[in-house]
Amino acid sequence: MAIYSGYSGKILTIDLSTGNFSTLPTEHYADRFIGGRGIAAKIYWDEVKPDTRAFDTDNNLIFITGPLAGYTSLAGSRLQICGKSPATTPEYFCYANLGGSFGAELKFSGWDGCVVRGKSDKPVYLFIQDDKAELRDASSIWGKNSVETREILKADIGKSVKVLSTGI
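Residues numbered from 1 in each chain as written. Predicted model: local features only at pLDDT ≥ 70, side-chain atom pairs only at ≥ 80, totals over all residues. Heavy atoms only, no water.

A. Local environment of the overall build of the chain. Looking only at helices and strands, one finds four helices and eight strands in the chain. Of the regular secondary structure in the chain, the N- to C-terminal order runs β-β-α-α-β-β-β-α-β-β-β-α. If one aligns the C-alpha atoms of the chain with their principal axes, the spans along those axes are about 40 × 40 × 30 Å. Here the chain holds 168 residues, and the buried ones make up 36% of them. Here the analysis covers contacts within the chain between residues at least 6 apart in sequence; of these, 51% occur between residues at least 24 apart. Across the chain, the mean location of the 19 positive side-chain charges is 4 Å away from that of the 19 negative side-chain charges. (Helix = DSSP H or I, 4+ residues; strand = E, 2+ residues; numbered from the N terminus. Buried < 20%, exposed > 50% of the residue type's maximum accessible area, 1.4 Å probe, protein only. Contact = heavy atoms within 4.5 Å. Lys, Arg positive; Asp, Glu negative; His and termini not counted. Charge placed at Lys NZ, Arg CZ, Asp CG, Glu CD.)

Okay, here's the thing in structure tokens:
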């Protein structure tokens, strides 16, 4: 196995329809594609058919870091979120780049990224601790805004937990 500096070595994949987890080796991408956005674009290209719509269960939503995530310097904790956007006409592959601590914490937990596909029958959230990942019931936070969600999860799990959520 080749070593690619700055990477943890694996990308978590989650199928919400089945609840199954698997792993993609980062080394399959890091030698040819630069940073998280490049790796996400390649995964997306390989796995999502061009006619897939933004809210189709075959679409992927990819959360991914680059080799500098966790490096204590300027822009050392960036996270890319990639997928087909419903906000564009026509719908096409887009990405968002954000800071904060989530990108670094994802890397520190042993993952370079997460690829999410499918649709769950019930509200769930992804809990990652160290090298382990699990889907947990999110009924208690369903419909809450992002600040309420963060506060509820911190009260339930612990104040040091890092939360990435959507909402108003």
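B. Examining the environment of Cys82 more closely. Relative to the helices and strands, Cys82 resides in strand S4 (residues 79-84). Its relative accessible area of 1% is what places Cys82 among the buried residues. On a C-alpha basis, the gap between Cys82 and Ile128 in space is 19 Å, while along the polypeptide they are 46 residues apart. Ignoring anything within four residues of it in the chain, the contact list for Cys82 reads Ala40, Asn60, Leu61, Ile62, Phe93, Cys94 and Tyr95.

C. Fine view of the pairing of strand S1 (residues 10-15). Counting buried residues in S1 gives five out of six residues, a clear majority hidden from the surface. Where S1 and strand S2 (residues 20-25) come together, six bridges link them in antiparallel fashion. Paired with Thr13 across the two strands is Ser22, which belongs to S2. The antiparallel hairpin formed by S1 and S2 contains four residues in its connecting segment, where Gly19 sits at a positive phi of about 80°. With five bridges connecting them, S1 and strand S6 (residues 113-117) associate as parallel partners. Paired with Ile11 across the strands is Gly113, a residue of S6. (Pairing = 2+ DSSP bridges.)

Read these as geometric descriptors, not functional statements.
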